[in-house]
Amino acid sequence: MKVGIVGAGIAGLACAERLRRDGIASVLLDKGKRPGGRLSTLRLEGLAWDFGAQYLNPGDGAFAAEVRQWRERGWVAPWPAGPQGALVGMPAMASLIEAQCEEHDVRFGAMVQRIESDGLAWHVSGPGLCEGPFAALVVAIPAEQAAPLLSLHDLAMAREAASAQSQPCWTVMAAFAEPLAGLPAFLRDAGAIAWAARNNSKPGRGEAECWVIQAGAQWSRQHLEAAREDVADLLLSQFARACGRDLPAPTFLKAHRWRFALPYGERGAVLWNPALRLGACGDWCLPPQIEGAWRSGTQLGERVAAALLPLRVGGAVG
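Here the structure is a predicted model, which is why all the values come from computation and not from measurement.

Enquirer: Run through the packing of aromatic side chains, naming residues and quoting values.
Expert: In this structure the tally under the stated criterion is ten aromatic pairs. Aromatic pair Tyr55 and Trp195: ring centres 5.8 Å apart, planes at 40°, arrangement tilted. Of the two residues, Tyr55 is situated in the loop between strand S4 (47–50) and helix H2 (61–72) and Trp195 in strand S14 (residues 193–198); the sequence distance between them amounts to 140 residues. The exposure class assigned to Trp195 is buried, which follows from its relative accessible area of 7%.

What follows is the structure, encoded as structure tokens:
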């Protein structure tokens, strides 16, 4: 008996881990080329940028207990120069995903475009992809991507996903030959700049002067379809304005567009159809962000396990 999980981010991995506690195997399918998703890190010739989620908070309850285990295993560590209580993946934000992926059956480069059920089991397909049968299926991707997959099987579930939308975010990665003296480790809410951080101020990142610059949602929406090169130059100028100074020419400059960066309108619960054995989870189900993604995946994993274990005992699912 296996469960198919579309998406190998924090939510999908949390679901897989919860299922494993009950002896239920899973296969995670992710369209990305490598682990990371919205916790991605770009590494290039001694340079590094966490260009997605910047840090996580310790949280409370079950999530806090999970984070303590991550710290004990060396997957996360405090960022003393960052916001109060901030923790970061070690030696990169993507490392938190990479470490968890090593403990599960994860297939990268697997773009799921269609999910199908014959009433007994689920199958998924896409370019060069055909996986199944699965006793249950979990969709753990951004709401805008989840809704079309769900729509042919549970219209109410698809509507719930469609109601939780995400704000875009343009992110620029810049490197400089010398440290930008006199600047703090991070800036936030400075004009068009929602966040900027000296990535090398985080532990384990090396000495090279690397900055991550993220635009606010309104600015990102206004420039959503602009060319990456133009966005990189514009945001660098906005960063200079926020710093109140001219900046030296960067040795590296690249922009990345997150179409589905920050969810809003979370419904406050995961989605689960026990009759179809189909569910959905993610940070668009429960706030806030990384903690919400983990809690949603764990909660859905509990529901899937509760539905499948009696079937396995009774021999109804192979």
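Enquirer: Before we move on, could you go through the pattern of salt bridges and cite the residues and values that matter?
Expert: If you walk through the whole model with that rule in mind, you get 16 salt bridges. Salt-bridge contacts for Asp105 lead to Arg107; the nearest nitrogen and oxygen are separated by 2.8 Å. What makes Arg107 partly exposed here is its relative accessible area of 27%. Overlapping salt bridges, with partners in common, bring together Glu17, Arg20, Arg73 and Glu103 in one network.

Enquirer: An account of the layout of surface pockets is requested, with residue identities and associated values reported.
Expert: By volume, the second largest pocket amounts to about 320 Å³. Lining the second largest pocket are 17 residues, and of these Glu17, Arg21, Glu66, Gln69 and Trp294 lie nearest its centre. Of all the secondary-structure elements, those providing two or more residues to the lining of the second largest pocket are helix H1 (10–21), H2 and helix H8 (289–314). When the residues that make up the lining of the second largest pocket are grouped by side-chain class, the tally is six nonpolar, four polar and seven charged.

Enquirer: Now, about H1: what can you tell me, with residues and values included?
Expert: In this model H1 runs 17 Å from its N-terminal to its C-terminal C-alpha over twelve residues, within 8% of the 16 Å that 1.5 Å per residue would give. Counting buried positions over the twelve residues of H1 gives nine, a clear majority of the element. The set of residues buried in H1 consists of Ile10, Ala11, Gly12, Leu13, Ala14, Cys15, Ala16, Arg18 and Leu19. Looking one or two places after H1, you find Gly23, whose phi comes out positive at around 75°.

Enquirer: So what's going on with unusual backbone geometry? Residues and values would help.
Expert: For the bond running from Met90 to Pro91, omega is 0°, close enough to zero to count as cis. By the element assignment, Pro91 lies in the loop between strand S6 (87–89) and helix H3 (93–101). Put simply, Gly132 and Pro133 share a cis peptide bond, and its omega is 0°. One non-glycine residue, Glu45, lies in the positive phi region at around 50°. Relative to the assigned elements, Glu45 resides in the loop between strand S3 (41–44) and S4. The phi dihedral of Asp189 is positive, around 55°, even though this residue is not glycine. Topologically, Asp189 is positioned in strand S13 (residues 186–190).

Enquirer: Tell me what's going on with the side chain of Asp154, and back it up with residues and numbers.
Expert: Residue placement: Asp154 occurs in the loop between helix H4 (143–151) and helix H5 (155–163). Here Asp154 is buried and forms no salt bridge, its nearest opposite-charge partner Arg159 lying at an N-O distance of 8.3 Å. At a separation of 2.8 Å, a polar atom in the side chain of Asp154 contacts the main-chain amide nitrogen of Met157. In contact with Asp154, not counting residues within four places along its chain, are Asn273 and Leu276.

Enquirer: I'd like to hear about the packing of H4 against H5, residue by residue, with values.
Expert: In a pair of packed helices, the angle between the axes and the distance between the axes together describe the arrangement. As a packed pair, H4 and H5 sit with axes 8 Å apart at the nearest point and diverge in direction by 170°. Here H4 is positioned roughly antiparallel relative to H5, judged by the angle of their axes. Both H4 and H5 take part in a crossing whose hand is left-handed. Where H4 abuts H5, its residues Ala143, Ala147, Leu150 and Ser151 lie against Leu155, Met157, Ala158, Ala161 and Ala162.

Enquirer: Which residues make up the nonpolar core, and what are the values?
Expert: By size, the foremost hydrophobic cluster in this structure holds 46 residues, and its most contacted members are Val3, Ile5, Ile10, Trp70, Val138 and Val304. At the level of secondary structure, the elements contributing two or more residues to this core comprise strand S1 (2–6), H1, H2, S6, H3, strand S11 (136–139), S14 and H8. Those residues in contact with Val3 that sit more than four places away from it in its chain are Leu19, Ile24, Ala25, Ser26, Val27, Phe134, Ala136, Val138, Val304 and Leu308. The next biggest cluster of nonpolar side chains, apart from the first, holds 28 residues, and it includes Val6, Phe134, Ile141 and Ala147.

Enquirer: Which residues make up the sheet that holds strand S9 (residues 122–126), and what are the values?
Expert: Taken in spatial order, the three strands of this open sheet run S8-S9-S10, and their pairing is antiparallel. Lying at the two open borders of the sheet, with one neighbouring strand each, are strand S8 (114–117) and strand S10 (129–134). Pairwise comparison of adjacent strand axes, ignoring direction, gives a mean angle of 15° for this sheet. Looking at chain direction, S9 and S10 are connected through four bridges and run antiparallel. Counterpart to Ser125 in the pairing with S10 is Cys130.

Enquirer: Tell me about the sheet that holds strand S15 (residues 209–215), and name the residues and values.
Expert: Overall, antiparallel pairing links the five strands, which are arranged S13-S14-S15-S12-S16 in an open sheet. One side of each edge strand has no neighbouring strand; the edge strands of this open sheet are S13 and strand S16 (252–264). The sheet shows a mean angle of 15° between the axes of neighbouring strands, direction not considered. Sheet analysis places strand S12 (residues 165–176) next to S16, joined by ten bridges and oriented antiparallel. Of the residues in S16, the one forming a bridge with Thr171 is His256.

Criteria and cut-off values
Residues numbered from 1 in each chain as written. Predicted model: local features only at pLDDT ≥ 70, side-chain atom pairs only at ≥ 80, totals over all residues. Heavy atoms only, no water. Phe/Tyr/Trp six-rings, centres within 6.5 Å; stacked < 30°, edge-to-face > 60°. Helix = DSSP H or I, 4+ residues; strand = E, 2+ residues; numbered from the N terminus. Buried < 20%, exposed > 50% of the residue type's maximum accessible area, 1.4 Å probe, protein only. Salt bridge = Lys/Arg side-chain N within 4 Å of Asp/Glu carboxyl O. 1 Å grid on protein atoms, 1.4 Å probe; cavity = no way out; pocket = protein on both sides within 12 Å on 5 of 7 lines; lining within 4 Å. Points joined across faces, edges and corners; volume = space filled by probe spheres on them. Nonpolar A, V, L, I, M, F, W, Y, C, P; charged D, E, K, R; others polar. Expected span 1.5 Å × (residues − 1). Lys, Arg positive; Asp, Glu negative; His and termini not counted. Polar contact = N/O pair within 3.5 Å; in protein donor to acceptor, adjacent residues only side chain to side chain. Contact = heavy atoms within 4.5 Å. Axes fitted to C-alpha atoms, helices over the stretch in contact; angles between N-to-C directions. Parallel < 35°, antiparallel > 145°, perpendicular 65-115°, else oblique. Left-handed = near helix turned anticlockwise from the far one by under 90°. Core = buried A, V, L, I, M, F, W, Y, C linked by side-chain atoms within 4.5 Å. Pairing = 2+ DSSP bridges.

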